[in-house]
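Coordinate analysis (summary)
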Amino acid sequence: MLDTAALRAKYNDIAGGEPEGLWFGPGRVNLIGEHTDYNDGFVLPFALEKMAIVAAGRRDDDLLVMYSLELDDRVEIALSALAPGTGDWSAYLAGVLWALRTSGHTVGGTNLILTSDVPLGAGLSSSAAIECAVVAAVCDLYDLSIEPMDRAKIARLAENAYVGAPTGLLDQAASTLCKEDFGLFLDCRTLEGVHVPLPMSEQGFEMLVLDTKTPHSHVDGEYGARRKSCEQAAAILGIPALRDVTDLDDALAKLDDEVMQKRVRHVVSENSRTLEAYELARQGRLADLAPLLDASHASMRDDYEITVDTVDLAVETAKAAGALGARMTGGGFGGCIIALCHTGSGETIAQEIAAAFAAAGHRSPEWFIATPAGGAGRLA
Ligand code: GLA
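The notes below deal with the structure included here. (Residues numbered from 1 in each chain as written. Predicted model: local features only at pLDDT ≥ 70, side-chain atom pairs only at ≥ 80, totals over all residues. Heavy atoms only, no water.)

Describing the overall build of the protein
Under the convention used in this document: Numbering goes from the N terminus for both helices and strands, where a helix is a DSSP run of H or I of at least four residues and a strand is a run of E of at least two. What the globule rule says is 2.2 Å times the number of residues to the power 0.38, and the radius of gyration is computed from C-alpha atoms. Whether a residue is buried, partly exposed or exposed follows from its accessible area with a 1.4 Å probe, protein chains only, as a fraction of its type maximum: under 20%, in between, or over 50%, in that order. Whether two residues touch is decided by their heavy atoms; if any such pair falls within 4.5 Å, the residues are in contact. To be clear on the numbers: accessible area is Shrake-Rupley with a 1.4 Å probe, and residue cover counts the displayed protein chains and nothing else.
When helices and strands are counted, the protein shows 11 helices and 12 strands. Compactness check: the protein gives a C-alpha radius of gyration of 21 Å against a globular reference of 21 Å for 380 residues, within 12% of the reference. Principal-axis analysis of the C-alpha atoms places the extent of the protein at approximately 60 × 50 × 40 Å. Every one of the 380 residues in the protein was classed for burial, and the buried ones make up 57%. Considering only contacts within the protein whose residues lie at least 6 apart along the sequence, 72% involve residues at least 24 apart. Looking at the protein as shown, the accessible area adds up to about 14600 Å², and 49% of this sits on carbon and sulfur atoms.

So, the site of the ligand
Note the following rule: In this text, near means that some heavy atom of the residue lies within 4 Å of the molecule or strand in question. Pairing of N or O atoms within 3.5 Å defines a polar contact, subject to two protein rules: one partner must be a possible hydrogen donor and the other a possible acceptor, and residues neighboring in sequence count only if both atoms are side-chain atoms. When residues are grouped by polarity, Ala, Val, Leu, Ile, Met, Phe, Trp, Tyr, Cys and Pro land in nonpolar, Asp, Glu, Lys and Arg in charged, and all others, Gly among them, in polar.
Around the ligand, 12 residues are found, and the nearest of them are Glu 34, His 35, Asp 37, Asp 171 and Tyr 223. A distance of 2.7 Å separates an oxygen atom of the ligand from a polar side-chain atom of Glu 34. In the environment of the ligand, an oxygen atom lies 2.5 Å from a nitrogen or oxygen atom belonging to the side chain of Asp 37. Of the residues belonging to the shell around the ligand, the class tally is 3 nonpolar, 5 polar and 4 charged.

Quick notes on the sheet that holds strand β11 (residues 366-370)
Let me state the cut-off plainly: A pair of strands is treated as paired once DSSP finds two or more bridges between them. Convention adopted: a line fitted to C-alpha atoms gives each axis, helices being fitted over their contacting stretch, and angles between N-to-C directions are expressed from 0 to 180 degrees.
Overall, antiparallel pairing links the 4 strands, which are arranged β9-β10-β8-β11 in an open sheet. Since the sheet does not close on itself, it has two edges, and those belong to β9 (325-329) and β11, each with one partner. Geometrically, the sheet is characterised by an average inter-axis angle of 25 degrees between neighbouring strands, direction not taken into account. In this fold helix α11 (residues 346-360) packs onto β8 (205-211), β10 (336-342) and β11, with an angle of close to 25 degrees to the strand it touches most, β8.

Here we look at the environment of Thr 167
The residue Thr 167 is located in the loop between α4 (148-163) and α5 (170-177) in this model. Given the relative accessible area of 4%, Thr 167 is considered buried. As a C-alpha pair, Thr 167 and Arg 156 span 11 residues in sequence and 7.7 Å in three-dimensional space.

Notes on the pattern of salt bridges
Quick reminder of the rule: Put simply, a salt bridge is a Lys or Arg side-chain nitrogen that is within 4 Å of an Asp or Glu carboxyl oxygen.
Under the counting rule described, the total for this entry stands at 24 salt bridges. Of the charged contacts, one joins Arg 226 and Glu 222 as a salt bridge, the two residues approaching to 2.8 Å between their closest N and O atoms. Placement of the pair is Arg 226 and Glu 222 together in helix α6 (residues 221-237), with a separation of 4 residues, close to one helical turn. For the salt bridge of Arg 227 with Glu 231, the shortest nitrogen-to-oxygen distance reads 3.2 Å. On the criterion of helical spacing, the pair formed by Arg 227 and Glu 231 is a turn pair, its members being 4 residues apart in helix α6. One salt-bridge network, held together by shared partners, links Glu 34, Glu 270, Arg 273 and Arg 327.

Quick look at the structure:
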């Protein structure tokens, strides 16, 4: 549990006085639909109870004062000096103020004291959690009436243009729009979102989230390289995005490059799996999601080539230990897996993975059972 009393006390130290409020943005897992968002495709995430919280208040000057409780670090910058590419931890907060101003909104000096229990670099959207908490805070403080999807877009602009990570909209949409007990099925082209119930416990299931402790970063080249490969393939195929592939075999026949063929096969098959998962979830058939999770993992491993040894070992061990289905979640190259398990078995499955990690000489994983939580807003 995050210590909001410590957060308030720190606000007092740094800014003098009480914060005007506390706002939060949750992390997320993606149930299915990986690397489909920037291909105009489909995603199906749900928000987590793990979150970033900012204690926030307006200032009389034009300074942005930021402090991280976890890092014990204070950064101060004039709003007029905000510029993309200034990149420590504070970029995730400062980038939002910059994105709001760039989009024509009037915001003034602000104090933002941050705490978060979303693990960093674990594929659970620690950055979007911060961005979306800050969007929520600043919109309330400065009376900006911005629709939820536009808030997500502002947060994404901060991530893409200010932080410099070429991500899609998945994380920010999930952190802003999700609802407790529901997943969010999102069409990343039309931006139409549908909340779909995920009554896991009612049906005798739980979702294990296990962090392999192999950290990743989206600012690194591999994510961008995958994205570029997809864009090149779409250009060769003469379509706006890989979402528009209607006949996979025909598309593959038109591409000479074997690596590009694999990338396309992942994106196109993942889009179909996500549509199928949405349909099954709508029918309340959660157990039937399991084979789709497995197939998604195989596709990320073999075709998109974004898994690593620890992640594959975690997924294989989860399955061997009784998980119905399991896959890596998030951008890849490390991070977390999710495993759909029978209620009460998640802990044992996680222990088995920890034992397999110890035997293989990997770092000890960390884990928790996730329940779908609500999107960003005011906490207090
Ligand atoms: C990261 C990005 C998202 C999405 C996923 C992969 O989380 O931020 O936009 O592309 O990777 O599905």
